[in-house]
Amino acid sequence: MCAYNAVRSPMAEAMAKHFFGKSVYVQSAGARKGEVDPFALEVLDEIGIDARKHKPKSLEELEEWEGLNFDLIVTLSPEAHHKALDLTRTVASEVEYWPTPDPTVVQGSREQVLEAYRAVRDGLMQRITKRLRS
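Residues numbered from 1 in each chain as written. Predicted model: local features only at pLDDT ≥ 70, side-chain atom pairs only at ≥ 80, totals over all residues. Heavy atoms only, no water.

So, the overall build of the chain
When its secondary structure is counted, the chain shows five helices and two strands. What you see in the chain, going N to C, is helices and strands ordered as α-α-α-β-α-β-α. With respect to the principal axes defined by its C-alpha atoms, the chain has extents near 45 × 30 × 25 Å. Counting only residues that meet the buried cut, the chain has 48% of its 134 residues in that class. (Helix = DSSP H or I, 4+ residues; strand = E, 2+ residues; numbered from the N terminus. Buried < 20%, exposed > 50% of the residue type's maximum accessible area, 1.4 Å probe, protein only.)

See below:
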């Protein structure tokens, strides 16, 4: 879960499904609903993961469609973390906060921006593989 379900959480969802999709059920959401970020799709394409079918959704939409029947909710932004804690007060879900920078704030050349997205992708991949292998 992140702020808009547009960059960090869709990247995390796509990677978790790619590496652990047969053994773990994964969905992503945002504190609010945003638009898919083309740079996020591009850096996932670089590692052979296609996330073009991702449709951003808010945590409320996810709760309506699926309920909050998750064992683990990973939050990637402060706003998402606070929202997840509020919504899970009466639910037996573990909430973990993985502070993850927002690459959309990086300015500079196209390559500098892509490097920021790659850094987020690579950091999330390390955390996901470590957490879900255990």
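After that view, the rundown keeps rolling.
Quick word on the side chain of T75
Tracing the sequence through the fold places T75 in strand β1 (residues 72-75). Ignoring anything within four residues of it in the chain, the contact list for T75 reads M1, A80, H81, A84, V95, E96, Y97 and W98. (Contact = heavy atoms within 4.5 Å.)

What about the pattern of salt bridges?
For the structure shown, the criterion picks out 14 salt bridges. Here R52 and D45 are joined by a salt bridge, their closest N and O atoms 2.4 Å apart. By relative accessible area, R52 is classed as partly exposed at 49%. With a shortest N-O distance of 2.8 Å, K83 and E60 are connected by a salt bridge. Within this pair, whereas K83 is found in helix α4 (residues 78-87), its partner E60 is found in helix α3 (residues 59-66), the two being separated by 23 residues in sequence. Ionic contacts of the salt-bridge type, sharing partners, join the residues E46, E111, E115, R118, R121 and D122 into one network. (Salt bridge = Lys/Arg side-chain N within 4 Å of Asp/Glu carboxyl O.)

Structural notes on unusual backbone geometry
Phi at N5 takes a positive value of approximately 55°, unusual for a residue other than glycine. Relative to the helices and strands, N5 resides in the segment before α1 (8-20).

Describing the packing of α1 against helix α5 (residues 110-133)
At their nearest, the axes of α1 and α5 sit 9 Å apart, and the two run at 45° to each other. In terms of orientation, α1 lies oblique with respect to α5. Our pair here, α1 against α5, has a crossing hand that is right-handed. For the pair α1 and α5, contact is made by R8, M11, A12, M15, A16, F19 and F20 and by Y117, V120, R121, L124, M125, I128, T129, L132 and R133, respectively. Looking at the contact of α1 with α5 residue by residue, the classes come out as twelve nonpolar, one polar and three charged. (Axes fitted to C-alpha atoms, helices over the stretch in contact; angles between N-to-C directions. Parallel < 35°, antiparallel > 145°, perpendicular 65-115°, else oblique. Left-handed = near helix turned anticlockwise from the far one by under 90°. Nonpolar A, V, L, I, M, F, W, Y, C, P; charged D, E, K, R; others polar.)

Considering the environment of R118
Its place among the elements puts R118 in helix α5. Distance in space between the C-alpha atoms of R118 and S23 is 26 Å, their sequence separation being 95 residues. Residues in contact with R118, not counting those within four places in the same chain, are V43, E46 and E111.

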